[in-house]
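Architecture and fold: a report
The lines below spell out each chain.
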Amino acid sequence: MRLSKAFIPTQKEVPADATIPSHQLMIRAGLMRQLTAGVYSFLPLGLRALMKAMQIVREEMNAIGGQEFLLPALNPESLWIQTGRRDVPNFILSIEERDLVLAPTHEEVIASIAANHIQSYKDLPQIWYQIQTKFRNEPRPRSGVLRGRQFIMKDSYSLDASPEGLDASYEKHAEAYRRAFTRAGLKFFVVGASSGAMGGSGSQEFMVESEFGEDTVALCDACGYAANLEVATSKVEPAARTENGKAVEEIHTPNVKTIDQLAEFLKVDHRRLAKSLVYRHNGQPLLVLMVGNDQLNETKLSAALGGGEVEPMGAEQLRALTGADGGSIGPVGLKGFRVIADKRLEGANNLISGANKNDYHLGNIDLQRDATIEGYFDLRTVEAGEPCPQCLKLLNVTNAIEVGHIFKLGTKYSEALNARFLDENGQSLPIIVGSYGIGIERIVAAFIEQSHDDQGIIWNTALAPYHVHVIAVSMNSKETVLASNQIYRALTEAGVETLFDDRSNASPGFKFMDADVLGMPLQVIVGEKGLRNKQVEIKRRATGERTMVAVDDVVSEVKKLLQG
RNA sequence: CGGGACGUGGCGCAGCCCGGUAGCGCACUUGCUUGGGGUGCAAGGGGUCGCGGGUUCAAAUCCCGCCGUCCCGACCA
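Residues numbered from 1 in each chain as written. Chains lettered and ligands numbered in written order. Predicted model: local features only at pLDDT ≥ 70, side-chain atom pairs only at ≥ 80, totals over all residues. Heavy atoms only, no water.

1. A few points about the environment of Phe 135
- As for its placement among the helices and strands, Phe 135 is situated in strand β7 (residues 126–135).
- Judged by its relative accessible area of 15%, Phe 135 falls in the buried class. (Helix = DSSP H or I, 4+ residues; strand = E, 2+ residues; numbered from the N terminus. Buried < 20%, exposed > 50% of the residue type's maximum accessible area, 1.4 Å probe, protein only.)

2. Some remarks on the packing of aromatic side chains
- This model, assessed by the stated rule, comprises 10 aromatic pairs.
- The side chain of Arg 48 reaches across the aromatic face of Tyr 466, ending 3.9 Å from its centre.
- Seen from the ring of Tyr 360, Lys 357 lies directly overhead, with NZ or CZ sitting 4.5 Å from the centre. (Phe/Tyr/Trp six-rings, centres within 6.5 Å; stacked < 30°, edge-to-face > 60°. Lys NZ or Arg CZ within 6 Å of the ring centre and 35° of its normal.)

3. Points about the pattern of salt bridges
- Under the counting rule described, the total for this entry stands at 38 salt bridges.
- Glu 386 is the partner of Arg 380 in a salt bridge, and the nearest nitrogen-oxygen pair spans 2.8 Å.
- According to the relative accessible area criterion, Arg 380 is buried, its value standing at 5%.
- What emerges from the salt-bridge pattern is a single network uniting Glu 59, Glu 60, Glu 175, Arg 178, Arg 179 and Arg 183. (Salt bridge = Lys/Arg side-chain N within 4 Å of Asp/Glu carboxyl O.)

4. Structural notes on the environment of Ile 95
- Considering the arrangement of structural elements, one finds Ile 95 in strand β5 (residues 93–95).
- Of the residues examined, Ile 95 reaches a relative accessible area of 31% and is grouped as partly exposed.
- Here the alpha-carbon distance between Ile 95 and Asn 75, two residues 20 residues apart in the chain, equals 9.4 Å.
- Discounting residues that sit within four places of it in the chain, Ile 95 has contacts with Leu 74, Leu 100, Val 101 and Leu 102. (Contact = heavy atoms within 4.5 Å.)

5. Let's talk about the side chain of Ser 477
- Take Ser 477: it is sitting in the loop between β27 (468–472) and α12 (478–493).
- Within the structure, Ser 477 has its side chain in polar contact with the side chain of Glu 528 (distance 3.3 Å). (Polar contact = N/O pair within 3.5 Å; in protein donor to acceptor, adjacent residues only side chain to side chain.)

6. Some details on the protein's contact with RNA strand B
- As a structural note, the neighbourhood of RNA strand B is formed by 49 residues, with Phe 91, Asn 476, Ser 507, Glu 537 and Arg 546 the closest of them.
- Atoms of RNA strand B within 4 Å of the protein: sugar and phosphate make up 46%, bases the balance.
- Take Ala 16: an N or O atom from its main chain is 3.1 Å from a phosphate oxygen of RNA strand B.
- Gln 34 places a polar side-chain atom, nitrogen or oxygen, 3.0 Å from a phosphate oxygen of RNA strand B.
- Among the secondary structure elements, those contributing two or more residues to the surface near RNA strand B are β1 (32–36), β21 (396–410), α13 (508–518), α14 (528–531) and β30 (535–540). (Near = heavy atom within 4 Å.)

Below, the structure written as structure tokens:
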């Protein structure tokens with residue numbers, strides 16, 4: 001492609017709205033433009049990168065026997081009502097007029113096809129996938145293309161007759177994802193994840209470390225343990241049980257509101273303190289006990305409660321129910337609340353907690369003796385520096401971009417939509433479904449996050465919109481024009497995807513800067529300097545390393561460099 | 001949805017406090033110039049100052065309302 005004819009609007013300056021490197025560079029390099037919040041137009045160069053990412057994913061899906069579909073984005077609302085997902089908040093962007101919705105994902109459509117056409121265990125297993133645009137009612141799109149209202153996703157669905165079959169399909173996907181992200185050049189890791197409101201029995205996320213990622217993960221460098229913070233655990237010491245359990249005593253704690261104040265006031269370790277958090281679960285008052293300053297993990301809380309709506313209790317309601325304020329609530333003698341506690345508190349005694357009376361706390365609490373605890377669950381959020389649950393080495397906590405997610409879904413949607421098959425014994429069973437997603441734009445953005453410098457993007461061969469960027473240093477030099485055209489043609493004919501800066505109105509410096517912003521792996525610089533010796537310069541974008549090669553050897557040299 | 005910020009030619013910004021001619025840099029057009037790291041000079045084109053209302057002789061500027069965009073948080077299969 002000749003730059004003199006191409007629509008590749010590069011910019012020196014970037015809209016103030018773009019705050020992270022990938023977003024800024026995708027705009028500076030002319031890959032995309034924003035249309036409205038969370039919605040981007042991909043320009044020709046950006047589309048080429050997207051297509052590269054898609055093709056890698058497609059090939060790896062095909063390699064595991066995946067069959068490509070293209071499912072409609074516009075869906076009848078009734079399908080979603082049947083699975084109960086019409087009312088999931090912030091999910092469906094609806095087209096009211098005809099009871100149509102823009103599909104946020106495609107389990108429903110897949111299940112409806114399966115319901116009509118999968119009849120026998122002999123039809124199974126199947127892996128069906130598509131690469132298609134999704135729409136979601138994101139309350140707050142952000143970080144460029146990392147979280148949008150419209151985005152392209154490879155979604156696939158495995159249909160199996162048995163849990164073992166699901167396990168196999170799931171494993172195939174895990175393998176395909178590993179290969180795809182490896183080929184794309186992403187430094188990724190796999191974490192255990194929450195299956196959340198989606199339901200199902202197992203789930204893993206493919207993560208690319210980035211300070212701008214929205215997910216937080218715990219990682220162990222020693223043994224490879226990796227988990228989303230939503231489900232991560234650690235081996236923190238429990239709040240111990242001491243020998244001599246004394247009787248509960250009331251302690252006057254004037255103006256003590258927070259755990260830190262309480263620890264300071266009483267001069268005791270945080271681990272002796274039982275913090276009370278008050279919620280309503282499906283409307284019912286709920287007290288959650290945590291150790292000292294441990295952070296409650298609401299994903300774990302929700303899982304411990306078996307789902308349902310969990311929301312913090314308002315201050316007025318709390319006072320009405322207990323007569324006390326937030327900093328003075330405790331489990332002893334508390335009426336009308338269900339009480340659950342973090343596992344770290346299991347068996348503990350000599351604890352201090354609120355007295356349900358302002359300015360007072362209770363000491364020497366033995367949870368078994370003095371309170372009614374419905375259950376002990378892992379409810380705390382892991383923090384950096386805590387011991388790894390597997391090997392006890394210290395955990396790291398880091399942010400990451402989720403580029404892929406795989407789910408063992410089970411039969412939730414097949415049951416709702418009556419997608420069943422007959423097994424060997426003639427018995428009708430729901431199809432066992434797995435669901436797997438890859439964010440195509442996220443592959444590109446995550447790659448740019450991990451591969452750029454102050455000058456611009458640094459593409460690898462796998463994702464680069466073009467492999468080689470030929471620069472004609474001056475279009476006023478006949479020799480340069482002649483040689484650069486010849487090289488451009490030779491490369492193109494040899495099947496090398498080549499961008500050719502043949503603009504006559506741009507200064508050499510301008511062209512060099514543009515080439516660095518665009519970031520193709522190799523730059524072939526054709527100018528009078530080298531041509532005097534019948535040579536051109538090849539620059540590797542990643543390292544800045546330059547070599548002079550004979551004009552006649554450019555094609556073979558370029559091919560060699562692209563391999564390595 | 002809570003907190004914060006911003007909205008002025010395509011992009012980045014100043015002007016707003018203290019009301020009175022819309023301005024700068026980049027980009028764009030034309031001519032000359034330069035030619036290995038965003039050339040230089042000159043002449044141009046382009047803006048309902050987000051939208052609506054109010055105050056005023058007069059509003060980009062003051063007041064009210066709305067909309068949009070971004071950031072933090074909440075939420076997120």
